[in-house]
Amino acid sequence: MEKQMAIRLIISLSILVMVTAAAIDKTPKAVEKWFKNLPYAKQKTTKFHFYFHEIFAGDNETAPVIAQANITAQSPTFFGMVRMFDNPLTIGPEPNSKQVGLAQGIHGATSLTEIALFFDFNFVFTTGPYNGSSLSVVGRVAESQEYRELQIIGGSGIFRLAQGVATAKTYFSSNTTVIVEYNVIVRHY
């Protein structure tokens, strides 16, 4: 009997958290009120660990080329190639792992001397307590580095005024797919 009550309590609390996250008032008056209360808000730290799945060829492509320079085809670094992406974020590295959100944005090859990309995108959370919230990410990714550090420069919903760091490491790479492991730590109110 106690076990059933504990399960009901956990389910009820989970639903309450999800409803609260989805119910963040985004009207101009509500945002203004939020800012007025900001001096009294306690800063929180949240950590995430998930995998980014990018497919750049084939039927299920998530990152098509949207522009390229006249020299891209001759460049060993793909200089000038720009892709728009809408990549799944999952709990595990397997493509069929539970999806927690999407990485939506743009990246372009910016170096003539090494494979390096400029990224500007959002982690968009689509399930769980952060559903409807996002984190804005920007930074440089040099493929030669084992760990790449990107900046969290803001967010929406629960993550208004967020700041933090996203550390990326390639988990798997082929001619058509890349899976990147992300560890994110973010401060927010």
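Quick caveat, the model's predicted, so the values are computed rather than measured.

### Comments concerning the overall build of the chain
Regarding its fold elements, the chain presents two helices and nine strands. For the chain, the sequential pattern of α-helices and β-strands runs α-α-β-β-β-β-β-β-β-β-β. Looking at the chain as a whole, 35% of its 189 residues are labelled buried. In the chain, of all internal contacts separated by at least 6 residues, the share reaching a separation of at least 24 is 50%. Total accessible area on the chain is roughly 11,300 Å²; 59% of this is exposed by carbon and sulfur atoms.

### A closer look at the packing of aromatic side chains
In this description, an aromatic ring pair is defined by two values, namely the gap between the centres and the angle between the planes. In the structure shown here, the tally under the stated rule is 21 aromatic pairs. A ring pair is formed by F50 and F125, whose centres lie 6.4 Å apart and whose planes are at 70 degrees; its orientation type is edge-to-face. In this pair, F50 sits in strand β1 (residues 44-55) while F125 sits in strand β5 (residues 116-125), placing the two residues 75 residues apart along the sequence. As far as burial versus exposure is concerned, F50 and F125 are alike and both buried. Their ring planes at 65 degrees and their centres at 5.8 Å tell us that F52 and F85 sit as a pair that is edge-to-face. Taken together, the residues span a long stretch of sequence, with F52 in strand β1 and F85 in strand β3 (residues 82-90) at a distance of 33 residues.

### A look at the layout of surface pockets
In this model, the largest pocket occupies a volume close to 510 Å³. Lining of the largest pocket is provided by 22 residues; of these, E54, F56, H107, L117 and E143 occupy positions nearest its centre. At the level of secondary structure, the elements contributing two or more residues to the lining of the largest pocket comprise β1, β4 (99-109), β5, β8 (163-173) and β9 (177-188). Here the residues of the lining of the largest pocket are counted per class, giving 13 nonpolar, five polar and four charged.

### With respect to the confidence of the model for the chain
The predicted model of the chain has a mean per-residue pLDDT of 90, with 88% of residues at 70 or higher. Contacts of residues 5-22 to residues separated by more than four positions or lying in other chains number eight contacts, the stretch itself having pLDDT below 50.

### Brief notes about the pattern of salt bridges
In total, this model carries three salt bridges according to the counting rule given. In this structure, R140 engages E114 in a salt bridge whose closest nitrogen and oxygen atoms are separated by 2.7 Å. Here R140, found in strand β6 (residues 134-142), pairs with E114, found in the loop between β4 and β5; they are 26 residues apart in sequence, far enough to count as distant. The exposure class of R140 is partly exposed, given its relative accessible area of 41%. Between K169 and E146 there is a salt bridge, with the nearest N and O atoms lying 3.2 Å from each other. On the criterion of sequence distance, the pair formed by K169 in strand β8 and E146 in the loop between β6 and β7 (148-156) is long-range, its members being 23 residues apart.

### Re the environment of H107
Examined against the element boundaries, H107 turns out to sit in strand β4. Since its relative accessible area comes to 6%, H107 is described here as buried. In this structure the C-alpha to C-alpha distance between H107 and R140, which are 33 residues apart in sequence, comes to 9.3 Å. Side-chain polar atoms of H107 contact the side chain of E54, separated by 3.1 Å.

The rules behind each value
- Residues numbered from 1 in each chain as written.
- Predicted model: local features only at pLDDT ≥ 70, side-chain atom pairs only at ≥ 80, totals over all residues.
- Heavy atoms only, no water.
- Helix = DSSP H or I, 4+ residues; strand = E, 2+ residues; numbered from the N terminus.
- Buried < 20%, exposed > 50% of the residue type's maximum accessible area, 1.4 Å probe, protein only.
- Contact = heavy atoms within 4.5 Å.
- Areas by Shrake-Rupley, 256 points an atom, 1.4 Å probe, with all protein chains shown as cover.
- Phe/Tyr/Trp six-rings, centres within 6.5 Å; stacked < 30°, edge-to-face > 60°.
- 1 Å grid on protein atoms, 1.4 Å probe; cavity = no way out; pocket = protein on both sides within 12 Å on 5 of 7 lines; lining within 4 Å.
- Points joined across faces, edges and corners; volume = space filled by probe spheres on them.
- Nonpolar A, V, L, I, M, F, W, Y, C, P; charged D, E, K, R; others polar.
- pLDDT = per-residue confidence, 0-100.
- Salt bridge = Lys/Arg side-chain N within 4 Å of Asp/Glu carboxyl O.
- Polar contact = N/O pair within 3.5 Å; in protein donor to acceptor, adjacent residues only side chain to side chain.

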